[in-house]
Amino acid sequence: MNKENPDRNATAKKTFSRRSFLKTTTAATAAFTIIPGVAMGKKLGYQAPSDTLNIALVGSGSQGSGDIGSICKPEVNVPAQSMFGMTAKPGTEKLVAICDVDWGYTPVLSTFQKYPSAKKYKDWRVMFDELGKSIDAVVVATADHNHANPSATAITLGKHVYCEKPLTHSIYESRLLTKLAKKYGVATQMGNQGSSGDGVRQACAWAWAGEIGEVRRAAVWSSRPIWPQGLDTPTDIQKVPKTLDWNLWIAHMPLRPYNSAYHPWNFRGWWDFGTGAFGDMACHNMHPVFKVLQLGYPTKVQGQSTTLKKDACPHAQIVKMTFPARPNLPGMAMPEVEVSWYDGGFRPMIPNVLPEGKTWQGEGCALYGTKDTLVLGSHGSGAYLLSGRAPKSQEVLRVIPDNNHYLDWVNACKDPDLREKTASHFGEAGPFNEMVLMGVLAVRLQKINRILEWDGGKMEFTNISDTEKVSTWSEMFDIGKMMAAAAASAKTAGGAAPGKGTAPAMPGMPGNEDPSAKNVKEFVASLVKHEYLNGFKLPDMPA
């Protein structure tokens, strides 16, 4: 698909800067519509080259390699994939570029093999510089911490963007993508595929018709993590694989030595690179609650977890958020509601009675109404009412063709009328992702021992003082080592009487400095908006 006008370019007398060119062509790019070949008398099922998007993939590992097969037609035939109710359909578009920092990782090599003509890159910035004019849309499926920058940059270049979940690694980045998508008018979609499925549509139809009554309490849960969490920070320095550009993988985060505990695949369990099971699976399982209850920013939050480690996400977490009342719908009141999250093996208690054939699943959500309880499974699938009823209700949400999250985004790239109608466009996914990441903050601040009050508009907690400190991780004590250190210290002191020698420091105990203690406001600010290091820079926030 070619958006350039050769005749106009040939007759142009004036040379524009890249920034000026983008400003003058953004509106035209956003308004551009492809006329399907069938409308021009072409054979049904045929897609002309002019109807085809040129796609670039940033991150072709486990997730990216799967995503791209549902968006771009492989050059080498592979079996079609089906996920969470989506009709198994192969991709339709052309993959012109693949960018990944590790050319030795098996899923990356597989993507190379399926799309041999696609140009290969390790640095997405170089890819944009070389192929920017020939790319129509970008799919981003990197580690969490690298989602925002290529997505934001692509949008400022007028490219449509599909970005995996969580949409971003920080709250500020989510706000940025929301505003950029609105400014540039491109088609966007976050990768919570279940949002395009029947389950969420059925849930909204029942709830908004008044079938479950008022909801003042909801629960969401996941059996994950399925990757390592709760680990100590690696101390050994491993050799960087020859196929991996470790500095590009780290990108804007603080540099650290390579270790296979971080990459490949394990990034989700580390605060600098992922958001743990909550940030990962809440984007799937909490979405029905967000959609049905029309949630905005929470006003209160508290978090608990198993042992907090210095750099690693904990094994299991519980988070409770409070949302204020929202405008009522014709068939459903929207009072204040508490939404609780469980992961790592925890989940809400099993109801006394379940409908025949139903079990209390390991992934899902429940909305406890005054008339009935609405339950959904993983990724918002399989909605049912705890009473066993199955009332008929009119559709209240747009029906996604074939429930296909990927190709609906492709259609939106080609049809401006669909830009804000995809199930998880950034205008909706951005605020939702902010909500999830605020819950992640609550886990990291749990030792402040209070319910935190959140101002979503300002992206800050309002009930912490400027000088307050909080312990951000737990120092684990090995009693045997402590006793041995005390004995060694006494011996070094020349056999001093008990109590006269130098005792080993015990962080967190009276009289000793807690190495994990940080100024709360400064700590929160650094998590809400990361400092971009190592030569990386985010686009500016639109007004």
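In what follows, the structure referred to is the one given above.
Residues numbered from 1 in each chain as written. Predicted model: local features only at pLDDT ≥ 70, side-chain atom pairs only at ≥ 80, totals over all residues. Heavy atoms only, no water.

*Asks:* Can you help me understand the packing of helix α7 (residues 171-184) against helix α13 (residues 426-444) in this one?
*Replies:* Axis angle and axis distance: for two packed helices, these are the angle between their axes and the distance between the axes, and together they describe the pair. The contact between α7 and α13 brings their axes to 8 Å, and the two run at 175°. In terms of orientation, α7 lies roughly antiparallel with respect to α13. Contact with α7, carried on its side by Ile171, Ser174, Arg175, Leu177, Thr178 and Ala181, involves Phe426, Gly427, Gly430, Pro431, Asn433, Glu434, Leu437, Met438 and Leu441 of α13 and no other residues of that element. When grouped by side-chain class, the residues that make up the contact of α7 with α13 number eight nonpolar, five polar and two charged. (Axes fitted to C-alpha atoms, helices over the stretch in contact; angles between N-to-C directions. Helix = DSSP H or I, 4+ residues; strand = E, 2+ residues; numbered from the N terminus. Parallel < 35°, antiparallel > 145°, perpendicular 65-115°, else oblique. Contact = heavy atoms within 4.5 Å. Nonpolar A, V, L, I, M, F, W, Y, C, P; charged D, E, K, R; others polar.)

*Asks:* When you look at the pairing of strand β11 (residues 364-369) in this model, what are you seeing that I'm missing?
*Replies:* Along any regular strand the residues' side chains alternate between the sheet's two faces. In terms of burial, β11 is a largely internal element, five of the six residues being buried. Summarising the sheet, β11 and strand β12 (residues 373-376) pair through four bridges and their orientation is antiparallel. When the bridges of β12 are listed, Leu367 appears paired with Leu374. In this structure, the hairpin formed by β11 and β12 is closed by a connection of three residues. (Buried < 20%, exposed > 50% of the residue type's maximum accessible area, 1.4 Å probe, protein only. Pairing = 2+ DSSP bridges.)

*Asks:* Even after reading the chapter, I still don't get the pairing of strand β1 (residues 54-58), so can you show me in this structure?
*Replies:* Of all five residues making up β1, five are buried, and the element is well covered by its neighbours. Side chains Asn54, Ala56 and Val58 of β1 all project onto a buried face; the interleaved residues Ile55 and Leu57 project onto the opposite face, where all are buried too. In terms of strand pairing, β1 meets strand β2 (residues 94-99) through five bridges, oriented parallel. Across the sheet, Ile55 pairs through a bridge with Leu95, a residue of β2.

*Asks:* Please explain the nonpolar core as it appears in this structure.
*Replies:* Trp249, Leu367 and Phe461 are the most contacted members of the largest nonpolar core, which has 112 residues in total. In terms of residue count, the dominant contributor to this core is α13 (11 residues). Grouped together as the second largest cluster of nonpolar side chains are 24 residues, Ile71, Cys72, Leu95 and Val410 included. (Core = buried A, V, L, I, M, F, W, Y, C linked by side-chain atoms within 4.5 Å.)

*Asks:* Looking at this structure, how should I read the packing of aromatic side chains?
*Replies:* Given two aromatic rings, one states the distance between the centres and the angle between the planes to describe the pair. Overall, the coordinates contain 15 aromatic pairs when judged by the stated rule. With 6.4 Å between their ring centres and 80° between their planes, Trp227 and Trp265 make a pair best called edge-to-face. Taken together, the positions of Trp227 in the loop between β7 (215-221) and α9 (246-250) and Trp265 in the loop between α9 and α10 (276-285) put the pair 38 residues apart, joining distant regions of the chain. Accessibility expressed as a relative area gives 38% for Trp265, which makes it partly exposed. Residues Tyr262 and Trp270 carry aromatic rings whose centres are separated by 5.0 Å and whose planes lie at 75° to one another, so their mutual orientation is edge-to-face. (Phe/Tyr/Trp six-rings, centres within 6.5 Å; stacked < 30°, edge-to-face > 60°.)

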